[in-house]
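Observations on the three-dimensional arrangement
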Amino acid sequence: MRRNESKIFSRRRVLATSAALAAAPFAARAAAPVPSPLITTLSSYMAGAANRALPDAVVEKTKQMILDTIAAMVSGSELPPGKFAIAFARGYGGDKVSTVAASDIVCGPIEAAMANGMLAHSDETDDTHPVSFTHPGCSVVPSALAAGERFGTDGTRLIRSVALGYDVGTRVTATLGRVNYAVATHLSTHGICGTFGSAAAAACAAGLNEQQMRWLLSYTAQEASGLYAWQRDTQHVEKSFDFGGMPARNGITAALLVQAGGTAVDDILSGADNFLQAFMPMNDPSMLVDGLGTRYEISRTNVKKWTVGAPIQAPLDAIDNLLKENRFAADNVKQVVVRVATDEAGNVNNREIPDICLQHMVAVMLIDKTASFKAAHDVPRMKDPTVLRTRAKVKLTPDADLQKLLPARVAIVEVTLNDGQMLTERVEAVRGTAENPMTREEVIAKARDLCVPVLGAEKFQKLSDTIFALENVKNIVELRPLLQKA
Amino acid sequence: MKKTRQPESLNRRNLILAGGAGAVLAGIPLRVRAAEPAVSPIMAKLSAYMADAANKPLPDAVQEKTKQMILDALAAMISGSELPPGKFAINFARAYKGEKVATVAASDVVCGPIEAALANGMLAHSDETDDTHPPSQSHPGASVVPSALASCERFGADGNRFVRAVALGYDIGPRVTATLGKLQYMVATHRSTHSISGTFGSAAAAACAAGLNAQQMRWLLSYTAQQASGLASWQRDTQHIEKAFDFGGMPARNGITAALLVQAGGSAVEDILSGADNFLDGYKPMNDPAMLVEALGTRYEITRTDVKKWTVGAPIQAPLDALFDLHQKNKIDPDQVQKITVRVATHEADIVDNREIPDISLQHLMAVMLMDKTVSFKTAHDEARMKDAATLKQRAKVSIIRDDELERLMPKRIAVVEVTFNDGKVLSERVETVRGTAGNPMTRDEMIEKAKDLIVPVLGADKFQKLTAAIFGLENVKNVVDLRPLLQKA
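Residues numbered from 1 in each chain as written. Chains lettered and ligands numbered in written order. Predicted model: local features only at pLDDT ≥ 70, side-chain atom pairs only at ≥ 80, totals over all residues.

Some thoughts on the overall build of chain B
This is how it is decided: In DSSP terms, a helix is any run of H or I states spanning at least four residues, a strand is any run of E spanning at least two, and both are numbered starting from the N terminus. With C-beta atoms placed from the backbone, a contact is any residue pair whose C-beta atoms sit within 7 Å.
When its secondary structure is counted, chain B shows 23 helices and six strands. By sequence separation, contacts in chain B at least 24 residues apart represent 77% of the contacts at least 6 residues apart.

If you want it as structure tokens, here you go:
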């Protein structure tokens, strides 16, 4: 029951997208759920505290504690940790060193990593790594980018940082036990993986040595957090923090602390109260280092070719394939039968918003011969008569045989043309998954679809060219003008 | 057996930590001190690999794939900028950006509230002079006050609000880890009550300063629960820098971040204490969750918080109290003293018997108290004084007695001190409850006295005087930012 729920939510993003697209104010949209008496008591108490008088004795005691803490702070400023903290804040200060994408903001690396992390998981267009039940890119890349800018690293280092981030973070939650672990412990593999991955990436950018890497892992383990409750977030703002912003912030903070001279526990993977004791992995801890340097986890990461619900991806792939081999217009189509696994069909059958509505997206694909990010989020188009006419021809058939093949999401699409000709396509592995990877050109095409509306075609072209020639980038700060808009 | 023992004993005192701080004070470089502990094969391999990664070429296919993934992530970021979470993130960064709004104490640094909270949190737990709350196994002040301060500055809150924010922080954070199961929870789960309590407490405090409403407070708790982290492995930190982060910096940062996110318009899961995968499912408290809200508004946890009167190892506090009390009641000439015997619980004695650094050496500190009639922060950290001939002469008179009777009374730390004079007269004092604990609280004057000892050497007497006056007159402070000049030095 619980497992089923989680599966459904992770496959698509149902409520999140619908709320976001409808552009209703957050507060109004989130109203419905009934809070428990426990949290009602707690939160109303907390909310009232600002305007509620305290008993005199408590006021007095509080002042004393404030003074006492200030005293600890002031005197501590001359001890090594205090000196370190001040040096850290000074070095960090209002320095404008890191880029927030798609804005004109340049700020400190921690906020930049956090903001970019949230940006990267604003939707569900970011990558996934099924073996670890995570989204590595949305925190690892922001962390690597912000740290790289902070330390003026070159393009090659950026690449290595990112790859390291994928290699370390995903191994941690693969070892913990991926989705089964999340279900059993209620903890978030996404938060944990991203935290370790972002730390590794930023540390690589910072050029930490071996001992510093161990210290880094201790700071990182201290920060490792997250609950599987992200599934219940309806607005996707918290989720973008849980998946992208928080892990990126955690990771880069750990790296900056160590780079600034912070020391820590030397081996957080063994000894008393170590990370493994607290998090109790389902698998042998040796998996943490299994295949390092030979099996690059970034290679096992899935890209979402179509920015639509997961069960719709294989059907769109099938039509894309048919359109490449045959010339037919939407008006020539008499009927389209789409077969997907039974459970999958239930999730996308005539849904109310475009990107999780199979019939609508198939109609769009037939008309546009592609399914853009814009189309996938275009709610008014669901009422367009042309689309509705084509949509009426689309039939979704739940298929028990395909159900048996899950988690492979196989789709069969049969297109019958007006002249009686029948075209059939079976897609075994969704395009963009590790088993059926997209080409560089396909990845660029996807990115173009996502970026050009925001940055314009010229900037996008330069950005894309620069990324693929990162070896020639001497300082990744050079990416800034390509990432920002005025 | 061993497992339950170790955290408990480490926790009672500040042994290794204090040892670490001492080492640092002695001017030994950090790098050298932390060298050469045994590292597990897994850790050795992992850290070596990570360290090498910066300079090792990747296979071509990986290189290519990585570029694609970078582009893919950037594309997600850029396109996401027009969706609500992306807009929110940009607004958040814009509001936050390099603004100099929050004070870092004892410096001239003014920075963003998150870094300020982090830095002040680490400052507050640089030593072990900060407060403790035994029923929750936490140090609430080290994170709650920095978070409240930074948030109040950010939102221009007044002195009253500051006070309420701090009290709320103490009421929320400690209730969370009291419910989890305090020390026993930490031992059983290897998780750190200190950072979990601090994270919730700091969030509540910052949120109070920000004036969040009840729904926003629920959202706050969801962001907070997502950030709740920390391992009991802080006990193994020898340099106290990580520990300062674990106890002060990290929880303060977590808490204020949650508050700033919600204040900036962030929404979240509506009830993180019930429903699927809630905080209680994830953290499995040992006690009834009803404890989270038990006696809210009547039992203020800040009043159950212990203050450290003497900035020395815990087992030495009651003996210093005893000798201090004897000084108050009698005129004692150190040269007329023939011997001093100190009875403490057996295990406590082991921890502080003739130790190598001043703040955990019972004999040394009793000699100092005998001579100075007090023990200052400075003295407790003055290694040179340990070789001072006059002090050594007095120290020779001090003997420690391991007392099994007192051991049975633990965790109460009782001390019995007997001073025998050359003329045969004997003065005896038994301290049942350490001064500064909730059972034997310090007066406001004693608190000021302690603060003076800690602050004047850094900020000077004049500033200290004004700061104290401002704190005790917080009702008259219109904007907490007014505290800044009193907290900083040029």
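Focus on the overall build of chain A
Rules: Burial in this document is a count-based property: other C-beta atoms within 10 Å of a residue's C-beta are tallied, and the residue is buried at 20 or more, exposed at 12 or fewer, or partly exposed in between, with C-beta positions derived from the backbone.
Helices and strands together make up the secondary structure of chain A, namely 23 helices and six strands. Looking at the 486 residues of chain A, the share that counts as buried comes to 59%. The long-range share in chain A, meaning contacts at least 24 apart out of those at least 6 apart in sequence, stands at 77%.

With respect to the confidence of the model for chain B
The predicted coordinates ought not to be read in detail in places where the model reports low pLDDT. The test is simple: Each residue carries a pLDDT score, the predictor's confidence in it, ranging from 0 to 100.
Per-residue pLDDT for chain B averages 83, and the proportion of residues at 70 or more is 82%. In the model, residues 1–37 of chain B has pLDDT below 50 throughout and makes 58 contacts with residues more than four positions away in sequence or in other chains.

Some details on helix 8 (residues 137–151) of chain A
All names here are of chain A. Stated precisely, the cut-off is as follows: Any helix carries an expected span of 1.5 Å times its number of residues minus one.
The end-to-end C-alpha distance of helix 8, which contains 15 residues, comes to 20 Å, matching closely the 21 Å that a straight helix rising 1.5 Å per residue would cover. Burial analysis of helix 8 places 15 of its 15 residues in the buried class, the great majority of the element. In the stretch just after helix 8, Gly-152 is the one whose phi turns positive, near 60°.

As for the sheet that holds strand 4 (residues 398–403) of chain B
What links the strands of a sheet is backbone hydrogen bonding, and the strands pair in either a parallel or an antiparallel sense. All names here are of chain B. Selection criterion: Pairing between strands is defined by DSSP: at least two bridges between them are needed. Every axis corresponds to a line fitted to the C-alpha atoms, with the helix fit spanning only the stretch in contact, and the corresponding angles, defined between N-to-C directions, vary from 0 to 180 degrees.
A sheet is described by the order of its strands in space; here four strands give the open sequence 4-3-5-6, paired in mixed fashion. At either end of the open sheet lies a strand with only one pairing partner, and these are strand 4 and strand 6 (426–431). Taking each pair of neighbouring strands and ignoring which way they run, the sheet shows an average axis angle of 15°. With six bridges connecting them, strand 3 (residues 337–345) and strand 5 (residues 415–421) associate as antiparallel partners. Residue pairing in the sheet places Lys-339 in a bridge with Thr-420 of strand 5.

With respect to the environment of Thr-134 of chain A
Residue and element names in this part refer to chain A. Along the chain, the position of Thr-134 falls in the loop between helix 7 (109–120) and helix 8. The spacing of Thr-134 and Asp-273 is 139 residues in sequence and 25 Å in space, taken between C-alpha atoms. What Thr-134 contacts, discounting residues up to four positions off in sequence, is His-129, Gly-169, Thr-170, Thr-173, Thr-189, His-190, Cys-193 and Gly-194.

Details of the packing of helix 8 of chain A against helix 13 (residues 237–259) of chain A
Between two packed helices, the angle of one axis relative to the other and the distance separating the axes together describe the packing. Residue and element names in this part refer to chain A. Here is the rule we go by: To sort the angles, those under 35 degrees are grouped as roughly parallel, those over 145 as roughly antiparallel, those from 65 to 115 as roughly perpendicular, and the leftovers as oblique. Helix crossings fall into two classes, left-handed where the near helix is turned counterclockwise from the far one by less than a right angle and right-handed where it is turned clockwise.
Here helix 8 crosses helix 13 at 40°, and the two axes come no closer than 8 Å. On the basis of the axis angle, helix 8 is oblique to helix 13. Once helix 8 is placed against helix 13, the crossing between them reads as right-handed. Residue-level inspection shows Cys-138, Ser-139, Pro-142, Ser-143, Ala-146 and Ala-147 of helix 8 in contact with helix 13, the latter providing Phe-243, Gly-244, Pro-247, Ala-248, Gly-251, Ile-252 and Ala-255.

A word on unusual backbone geometry
Within the chain, Phe-133 of chain A stands out as a residue other than glycine whose phi angle is a positive 55°. Looking at the secondary structure, you find Phe-133 of chain A in the loop between helix 7 and helix 8.

A word on the environment of Thr-129 of chain B
For Thr-129 of chain B, the location among the structural elements is in the loop between helix 7 (113–124) and helix 8 (141–155). On a C-alpha basis, the gap between Thr-129 of chain B and Pro-485 of chain B in space is 23 Å, while along the polypeptide they are 356 residues apart.

Re helix 13 (residues 241–263) of chain B
Residue and element names in this part refer to chain B. Under the convention used in this document: Bend, in this description, refers to the angle at a residue between axes fitted to the seven residues ending there and the seven starting there.
For helix 13, built from 23 residues, the straight-helix expectation of 33 Å at 1.5 Å per residue is met to within 8% by its first-to-last C-alpha distance of 31 Å. Maximum bend of helix 13: about 40°, positioned at Gly-249, with proline Pro-251 one to four residues after it. Counted residue by residue, helix 13 has 23 buried out of 23 residues, so it is predominantly covered. One or two steps after helix 13, the chain reaches Gly-265, where phi turns positive at roughly 110°.

Concerning the sheet that holds strand 4 (residues 394–399) of chain A
Residue and element names in this part refer to chain A. Judged by pairing direction, the sheet is mixed, and its four strands sit side by side in the order 4-3-5-6 without closing on themselves. Where the open sheet ends on each side, the last strands, each with one partner, are strand 4 and strand 6 (422–427). On average, adjacent strands in this sheet sit at an angle of 15° to one another, irrespective of strand direction. In this sheet, strand 6 lies alongside strand 5 (residues 411–417) in antiparallel orientation, the contact comprising six bridges.

Overview of the confidence of the model for chain A
The predicted model of chain A averages 83 in pLDDT, with 83% of residues at 70 or higher. Of the regions scoring below 50 in pLDDT, residues 1–33 of chain A engages in 50 contacts with residues more than four places distant in sequence or in other chains.

Examining the pairing of strand 6 of chain B
Residue and element names in this part refer to chain B. Judged from the six bridges that link them, strand 5 and strand 6 form a sheet pairing that is antiparallel. Bridging from a neighbouring strand, Thr-420 pairs with Val-426 of strand 6. Here strand 5 folds back onto strand 6, and the loop between the two strands holds four residues, one of which, Gly-424, carries a positive phi near 95°.

Quick word on the environment of Phe-162 of chain B
All names here are of chain B. You can see Phe-162 is positioned in helix 9 (residues 159–180). Separated by 116 residues in sequence, Phe-162 and Asn-278 have C-alpha atoms that sit 30 Å apart. Setting aside chain neighbours within four positions, we find Phe-162 in contact with Ala-148, Cys-152, Ala-157, Leu-474 and Val-480.

A few points about the packing of helix 12 (residues 214–227) of chain B against helix 13 of chain B
All names here are of chain B. Condition: Each residue gets one of three labels, nonpolar for Ala, Val, Leu, Ile, Met, Phe, Trp, Tyr, Cys and Pro, charged for Asp, Glu, Lys and Arg, and polar for the others, Gly among them.
Their axes nearest at 9 Å, the elements helix 12 and helix 13 cross at an angle of 140°. Here helix 13 runs oblique to helix 12, going by the angle between their axes. In this structure, the crossing between helix 12 and helix 13 has a hand that is right-handed. Within the contact between the two elements, helix 12 uses Gln-216, Trp-219, Leu-220, Tyr-223, Thr-224 and Gln-227 and helix 13 uses Asn-254, Gly-255, Ala-258, Ala-259, Leu-261 and Val-262. In terms of residue class, the contact of helix 12 with helix 13 is built from seven nonpolar, five polar and no charged.

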